[in-house]
Amino acid sequence: MTEPRAEAPTQRAGFAAIIGAPNAGKSTLVNRLTGTKVSIVTQKVQTTRFPVRGIAIYGDAQIVLVDTPGIFSPRRRLDRAMVASAWGGADEADAVVHLVDAASHIAAQGKDGSAADRRSAEDTEMIISALKESGKKVILALNKIDGMRRDTLLALSQELFETGVYSEVFMISALSGDGVDDLGRRLAEAMPEGPWLYPEDQSADVPLRVLAAEITREKVYLRVHEELPYSAAVETTAFEERPDGSARIEQTIYVERESQRPIVLGKGGQTLKWIGQKSREELTELFDRPVHLFLTVKVDPKWQDSRALYAQFGLEYDV
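Residues numbered from 1 in each chain as written. Predicted model: local features only at pLDDT ≥ 70, side-chain atom pairs only at ≥ 80, totals over all residues. Heavy atoms only, no water.

We now examine the sheet that holds strand 8 (residues 247–255). Strand order in the open sheet formed by 3 strands is 7-8-9, with mixed pairing between adjacent strands. Two strands lie at the open edges of the sheet, namely strand 7 (232–241) and strand 9 (291–299), each paired on one side alone. With strand direction ignored, the average angle separating the axes of adjacent strands in the sheet is 20°. Across the sheet, helix 7 (residues 208–224) is in contact with strand 7, strand 8 and strand 9; its angle to strand 7 comes to roughly 140°. Along the sheet, helix 9 (residues 270–287) contacts strand 7, strand 8 and strand 9; its crossing angle with strand 9, the most-contacted strand, is approximately 140°. (Pairing = 2+ DSSP bridges. Helix = DSSP H or I, 4+ residues; strand = E, 2+ residues; numbered from the N terminus. Axes fitted to C-alpha atoms, helices over the stretch in contact; angles between N-to-C directions. Contact = heavy atoms within 4.5 Å.)

Rendered as structure tokens:
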């Protein structure tokens, strides 16, 4: 008598979008869920300009995470493209997580809240209004809960849940990892049954030249975030696979004004040298091969109107 064959586990695969106000911690959460760096993380808001897809595995489920740009009140063409991209990512997803910076939201309600806290709270209210209009139920994740009082968190959770746009609430710290696995398992359950969409060992669905540009842009902001507002972009102009297995990458850093060029270059070119060195080190580790990186700084007052740059980041130009 033959033993009955055990049924193979049912595979699941789908898309989960992380939406939220700028600086809510979306990139940190995607990196934590995937266990690898697929999205740039800086202290500047508005650093994610296109939906980076990180791929997380929980049990038999593959979750393709769409790390959307922050949703905020758009003013410029680039702003409109980023916000349209964020909502587009949410519309197409099998599950949506609205990430809220709990500490900032609480601060905005008191006298000690900064202008940034109040802007973040306003953006959160705007997202809630849009969700009400769409009738879409999403998961609420209260982030940055480290050191917060439990009664304060429960009161905030209740206040937001009563808006009627959330199906459930998770309290997490994307930075430390607290509560993130619970959220990951919930997203796994929400994925539809079906074969995996990507190979098991793949952690991101981002063209290498785009990822390389994002990593260099992160280093630009890390080094000159005080002097340089959001007026810089990085484009990978050449990506060549060398016969010896190394990669030769050429990139252009665009700034809007002539006065910003010396900021990126630094005295004797030292700032640009630091940016190049740090970016090359990370790219070498990420691509697991030697990287030869060549950086150029160009002044282009209209780089935000460049269709080529929008295409690089997968953004719609005519929004």
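Still to come is the rest of the account.
As a further point, take the side chain of E214. Tracing the backbone through its elements, the reader meets E214 in helix 7. Here E214 falls in the buried class, since its relative accessible area comes to 5%. Within the structure, E214 has its side chain in polar contact with the side chain of R217 (distance 3.0 Å). (Buried < 20%, exposed > 50% of the residue type's maximum accessible area, 1.4 Å probe, protein only. Polar contact = N/O pair within 3.5 Å; in protein donor to acceptor, adjacent residues only side chain to side chain.)

What follows is about the packing of helix 1 (residues 26–34) against helix 6 (residues 180–190). One way to put it is that helix 1 packs onto helix 6 with a least axis distance of 10 Å and a crossing angle of 80°. As the angle between them shows, helix 1 and helix 6 are arranged roughly perpendicular. In contact with L29, R32 and L33 of helix 1, helix 6 contributes V180, L183 and G184. Grouping the amino acids of the contact of helix 1 with helix 6 by side-chain chemistry returns 4 nonpolar, 1 polar and 1 charged. (Parallel < 35°, antiparallel > 145°, perpendicular 65-115°, else oblique. Nonpolar A, V, L, I, M, F, W, Y, C, P; charged D, E, K, R; others polar.)

Our next topic: the environment of K219. Here K219 lies in helix 7. Taking the C-alpha atoms as reference points, K219 and S279, separated by 60 residues in sequence, lie 6.5 Å from one another.

The subject of this paragraph is the pattern of salt bridges. With the rule as written, the count across this model stands at 10 salt bridges. A salt bridge links D182 to R185; the shortest N-O distance between them is 2.6 Å. Taken together, the positions of D182 and R185, both in helix 6 and 3 residues apart, correspond to about one turn of that helix. Overall, the relative accessible area of 42% leaves D182 in the partly exposed class. Residue E189 is joined to R186 by a salt bridge in which the shortest nitrogen-to-oxygen separation is 3.8 Å. Here R186 and E189 lie together in helix 6, a separation of 3 residues that amounts to about one turn. (Salt bridge = Lys/Arg side-chain N within 4 Å of Asp/Glu carboxyl O.)

What follows concerns the nonpolar core. Grouped together as the largest cluster of nonpolar side chains are 24 residues, with contacts concentrated most on L29, I63, L65, I172, L183 and L187. Looking at this core, the elements that each hand over two or more residues are strand 1 (12–20), helix 1, strand 2 (52–58), strand 3 (61–67), strand 4 (95–101), strand 5 (138–143) and helix 6. Ranked by residues supplied to this core, first place goes to helix 6 with 4 residues. Residues within four places of L187 in sequence aside, it is in contact with A16, I63, L65, A95, V97 and I139. Listed in part, the 23 residues of the second largest apolar core include V255, L272, F287 and V291. (Core = buried A, V, L, I, M, F, W, Y, C linked by side-chain atoms within 4.5 Å.)

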